[in-house]
Amino acid sequence: MSEESDSLRTSPSAASLSENELPARPEPPGYVCSLSEELVMKAREELQEKPEWRLRDVQALRDMVRKECPNLSTSLDDAFLLRFLRARKFDYDRALQLLINYHSCRRSWPEVFDNLKPSALKDVLASGFLTVLPHTDPRGCHILCLRPDRWIPSNYPITENIRAIYLTLEKLIQSEETQVNGIVILADYKGVSLSKASHFGPFIAKKVIGILQDGFPIRIKAVHVVNEPRIFKGIFAIIKPFLKEKIANRFFLHGSDLNSLHTNLPRSILPKEYGGTAGELDIAAWNTVLLASEEDFVREFCQPDPACDDILGGALLPEGLTSDAQCDDSMRAVKSQLYSCY
């Protein structure tokens, strides 16, 4: 382990602990590690996670929350805080900021996060707009499959699609394997028209990307785009300015060349719609998983939220989570940018 990696772990909250000191207390019954030995090693190498220090690190983050954000209404459970530590490679300060951003995002966009539960999104789930493929990729990443052509704008607003994506990410991140391995997104833009693309303007783009990059504890390892029409150049032109270089470099545009897709995602894990051998694309299985989690989401997202404006008001929000007035981009400007791709 490099000195730079270990330096991330010595924030002021843990300054009194020597580098070789082991935690004095055993792991409490509230947290039991479910990672395989292989994933424990992967977490050590990629995320700077040391099993012998895991609970010490969680306690350090918990102490920081209590000291610096006493009014932040958040879970302080070991398993919950571990999500944020893993997402920021056990850098306490960055993990704390991510936790604050996570709650700020939820409060700043009520039309997405209020009443967020599977039963409220049955129309989106039934449309086939999104699903999670049954097989992981060779790195162990779950594959979130998005099909915007299945969305009919006259049926419900685009924010319902965003709600369904967030709901799915919340379910996926419950798994410690996903926390370590991350996810892959497979986006099929077949048949996406100019009128449909215009709904995804700069305001929506900034908010969504702000959440995914800086407001949610998940690692996006790759975004594979297939069947993209020429109009996608306009969509990507809207998205790209808000992407960090690391994320932008993980976008792969394959067009209709499925052989190109298969160099990254083997045919054995893909449905036949994408040249795979894993059978037909089935949305029912993942919908069942989400709908079975109704009580968990009601408990987490559908309860009155105690006032915590003091801490959230002073938080450094992810770029894009600004007020509507600051992002008043007209639909005319968006369509103009999209038309330029023709």
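How each quantity is defined
- Residues numbered from 1 in each chain as written.
- Predicted model: local features only at pLDDT ≥ 70, side-chain atom pairs only at ≥ 80, totals over all residues.
- Heavy atoms only, no water.
- Helix = DSSP H or I, 4+ residues; strand = E, 2+ residues; numbered from the N terminus.
- Buried < 20%, exposed > 50% of the residue type's maximum accessible area, 1.4 Å probe, protein only.
- Contact = heavy atoms within 4.5 Å.
- Areas by Shrake-Rupley, 256 points an atom, 1.4 Å probe, with all protein chains shown as cover.
- Core = buried A, V, L, I, M, F, W, Y, C linked by side-chain atoms within 4.5 Å.
- Salt bridge = Lys/Arg side-chain N within 4 Å of Asp/Glu carboxyl O.
- Pairing = 2+ DSSP bridges.
- Phe/Tyr/Trp six-rings, centres within 6.5 Å; stacked < 30°, edge-to-face > 60°.
- Lys NZ or Arg CZ within 6 Å of the ring centre and 35° of its normal.

Within the chain one finds 18 helices and five strands. Within the chain, the proportion of its 342 residues that are buried is 52%. Long-range contacts, defined as pairs at least 24 residues apart, comprise 81% of the intrachain contacts of the chain with a sequence gap of at least 6. Accessible surface, the chain: about 16,300 Å² in total, of which carbon and sulfur atoms supply 50%.

The subject of this paragraph is the nonpolar core. Grouped burial of nonpolar side chains is what soluble globular proteins tend to show. Membership of the largest hydrophobic core comes to 78 residues, with the highest contact counts inside it found for L85, W109, Y166, F200, F216, I235 and L243. In terms of residue count, the dominant contributor to this core is helix α5 (residues 92-108) (eight residues). Aside from chain neighbours lying at most four places away, what touches L85 is D57, V58, L61, F90, Y92 and A95. Formed by 14 residues, the second largest nonpolar core is a distinct cluster that contains C141, C145, A222 and L281.

Glancing now at helix α4 (residues 78-87). Along α4, nine of the ten residues are buried, which leaves the element largely enclosed by surrounding structure. For α4, the complete set of buried residues consists of D78, F80, L81, L82, R83, F84, L85, R86 and A87. Buried positions along α4 lie against α2 (37-47), α3 (54-68), α5, α8 (158-172) and α9 (176-181).

As enumerated under the stated definition, the model contains 14 salt bridges in all. In this structure, E49 and R54 form a salt bridge, with 2.7 Å as the shortest nitrogen-oxygen distance. No difference in accessibility class separates E49 from R54, as the two residues are buried. The shortest N-O distance in the salt bridge between E176 and R86 comes to 2.9 Å.

Next up on the list: the environment of S260. Locating S260 in the fold gives a position in helix α14 (residues 258-262). Spatially, the C-alpha atom of S260 lies 9.6 Å from that of V226, the residues being 34 residues apart in sequence.

A few words on the pairing of strand β4 (residues 220-226). Most of β4 sits inside the fold, with seven of its seven residues counted as buried. In terms of strand pairing, strand β3 (residues 183-188) meets β4 through six bridges, oriented parallel. Bridge pairing in β4 places L186 opposite H224. One ladder, built from four bridges, connects β4 with strand β5 (residues 251-255); its direction is parallel. Across the sheet, the residue bridging to V223 is F251, located in β5.

Within the structure shown, the criterion is met by eleven aromatic pairs. Their ring planes at 75° and their centres at 5.4 Å tell us that F84 and Y102 sit as a pair that is edge-to-face. With F84 in helix α4 and Y102 in helix α5, the pair connects residues that are 18 residues apart, well separated along the chain. Of the residues examined, F84 reaches a relative accessible area of 0% and is grouped as buried. Through a chain of ring-to-ring contacts, three or more aromatic side chains come together here, namely F80, F84, Y102, F113, Y166, F216, F297 and F301. One residue, K50, lies across the ring of W53, its end atom 4.3 Å from the ring centre. The side chain of R56 reaches across the aromatic face of W53, ending 4.5 Å from its centre.

This part takes up the environment of V132. Locating V132 in the fold gives a position in strand β1 (residues 130-132). A relative accessible area of 7% places V132 in the buried class. Residues V132 and T168 lie 36 residues apart in sequence; the distance between their C-alpha atoms is 8.3 Å.

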